[in-house]
Amino acid sequence: MRVLGISGSLRRGSYNHALLRRAAERLPAGVELVEFDQLREIPPYDADLEEDGSPAPAAVTALREAMREADAVLIATPEYNHSIPGALKNALDWASRPAGESALTGTPAAVIGASTGMFGAVWAQAEVRKVLGALGGRVVDEELPVSHAAQVYADGQLELSPEQTVALDGLLAELVSEVEELREGAAEQVAA
Ligand SMILES: Cc1cc2nc3c(=O)[nH]c(=O)nc-3n(C[C@H](O)[C@H](O)[C@H](O)COP(=O)(O)O)c2cc1C
């Protein structure tokens, strides 16, 4: 099983990138996390580029293909001004197009987030979850807010508390179980 991981931060030393790596370590055996690393290359969404029939920018095609090939998507988002960082929202807008052909349709998705403040990017996580729903994703309810990230970051690693680790494991289990449910449903359809 393959989970596509997307960090919503472009920053070197990003706490959200570290959080994504922590999640990768906690995935059950047999599940791998593959990171999307071209967020920086995705240009601002422009409907004219779609309408004049030009091929999509290479990084956009890479994102759409990575989403379609993944069994599930896991996004670690920072919070900018109580909302989704622009680069991440922009990428999700591209992934949602052409209309009716979202690259996330029917795919299980979950959101986690770290911030330097005391709320752990809760608003950004809620908004990313809403957007993933608009893209047709099967969005899991659980979230993981990691607050005061600078204080728990050292040597490129983010230390989670025991409670946060339990919450992360629960969220990942839910994501994997969504994929398994889909597979069982598909197998039943084939057998019928
Ligand atoms: C433009 C901007 C706006 C921010 N707004 C918020 C905010 O609304 N809430 C919050 O908790 N942190 C906010 N922060 C602080 C981020 O949580 C912090 O920069 C965090 O480290 C970003 O995640 P990263 O380490 O993955 O890049 C903001 C940072 C920037 C650059």
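Note that the structure is predicted; figures quoted are calculated from it, not measured. (Residues numbered from 1 in each chain as written. Predicted model: local features only at pLDDT ≥ 70, side-chain atom pairs only at ≥ 80, totals over all residues. Heavy atoms only, no water.)

A. Molecular detail of the overall build of the protein chain. Along the protein chain, the regular secondary structure elements total six helices and eight strands. Listed N to C, the secondary structure of the protein chain is β-α-β-α-α-β-α-β-α-β-β-β-β-α in terms of helices and strands. Referenced to the eigenvectors of the C-alpha coordinate spread, the extents of the protein chain come out at roughly 50 × 45 × 25 Å. Every one of the 192 residues in the protein chain was classed for burial, and the buried ones make up 43%. When the accessible surface of the protein chain is split by element, carbon and sulfur atoms take 51% of a total near 9600 Å². Placing the 15 positive and 30 negative side-chain charges of the protein chain at their respective mean positions leaves the two points 4 Å apart. (Helix = DSSP H or I, 4+ residues; strand = E, 2+ residues; numbered from the N terminus. Buried < 20%, exposed > 50% of the residue type's maximum accessible area, 1.4 Å probe, protein only. Areas by Shrake-Rupley, 256 points an atom, 1.4 Å probe, with all protein chains shown as cover. Lys, Arg positive; Asp, Glu negative; His and termini not counted. Charge placed at Lys NZ, Arg CZ, Asp CG, Glu CD.)

B. View of the side chain of Ser14. With respect to the element layout, Ser14 can be found in the loop between β1 (2–7) and α1 (15–26). You can call Ser14 buried: its relative accessible area is 4%. A polar atom in the side chain of Ser14 sits 3.5 Å from the side chain of Ser9. Setting aside residues no more than four positions away along its own chain, Ser14 makes contact with Ser7, Ser9 and Tyr153. (Polar contact = N/O pair within 3.5 Å; in protein donor to acceptor, adjacent residues only side chain to side chain. Contact = heavy atoms within 4.5 Å.)

C. How the structure looks around a negative patch on the surface. On the surface, Asp46, Asp48, Glu51 and Asp52 cluster together into a patch of negative charge. Note on Glu51: relative accessible area 65%, which makes it exposed. (Patch = residues over 30% accessible without salt bridge, like charges linked within 9 Å, V, L, I, M, F, W, Y side chains within 5 Å. Salt bridge = Lys/Arg side-chain N within 4 Å of Asp/Glu carboxyl O.)

D. Broad picture of the pairing of strand β2 (residues 32–35). In terms of strand pairing, β1 meets β2 through four bridges, oriented parallel. Looking at the pairing, Val3 lines up with Leu33 of β2. Tracing the backbone out of β1, into α1 and back to the parallel element β2 gives a crossover that is right-handed. (Pairing = 2+ DSSP bridges. Right-handed = clockwise from strand over helix to strand, strands pointing away.)

E. Expanded view of unusual backbone geometry. Cis peptide bonds are those with omega within 30 degrees of zero, and the linkage from Arg97 to Pro98 qualifies with -5 degrees. The residue Pro98 is located in the loop between α4 (86–95) and β4 (108–114) in this model. Backbone geometry at His148 places phi at a positive 45 degrees, although glycine is not the residue there. Classification of His148 by relative accessible area gives partly exposed; the value is 34%. If you check the backbone angles, Asp155 has positive phi at about 50 degrees while not being a glycine. By the element assignment, Asp155 lies in the loop between β7 (153–154) and β8 (157–158).

F. Up close: the environment of Arg68. Examined against the element boundaries, Arg68 turns out to sit in helix α3 (residues 58–69). When near neighbours in sequence (up to four residues on either side) are disregarded, Arg68 contacts Glu101, Ser102 and Ala103. A polar contact is formed between the side chain of Arg68 and the backbone oxygen of Glu101, at a distance of 3.0 Å.

G. Quick peek at the packing of α1 against helix α6 (residues 162–191). Running from N to C, α1 and α6 cross one another at 70 degrees; their axes reach a closest spacing of 10 Å. For the element pair α1 / α6, the angle class is roughly perpendicular. Classified by chirality, the crossing of α6 by α1 is right-handed. Between α1 and α6, the residues in contact are Arg22, Ala23 and Arg26 and Thr165, Leu168, Asp169 and Leu172, respectively. For the contact of α1 with α6, the per-class residue count stands at three nonpolar, one polar and three charged. (Axes fitted to C-alpha atoms, helices over the stretch in contact; angles between N-to-C directions. Parallel < 35°, antiparallel > 145°, perpendicular 65-115°, else oblique. Left-handed = near helix turned anticlockwise from the far one by under 90°. Nonpolar A, V, L, I, M, F, W, Y, C, P; charged D, E, K, R; others polar.)

H. Highlighting the site of the ligand. Within the structure, the ligand sits among Ser9, Arg11, Ser14, Tyr15, Asn16, Pro78, Glu79, Tyr80, Asn81, His82, Ser115 and Thr116. A distance of 2.7 Å is found between an oxygen atom of the ligand and a side-chain nitrogen or oxygen belonging to Ser9. At 2.7 Å, a backbone N or O of His82 approaches an oxygen atom of the ligand. In isolation the ligand has 620 Å² of accessible area, and contact with the protein removes 71% of it. When grouped by side-chain class, the residues that make up the shell around the ligand number three nonpolar, seven polar and two charged. (Near = heavy atom within 4 Å.)

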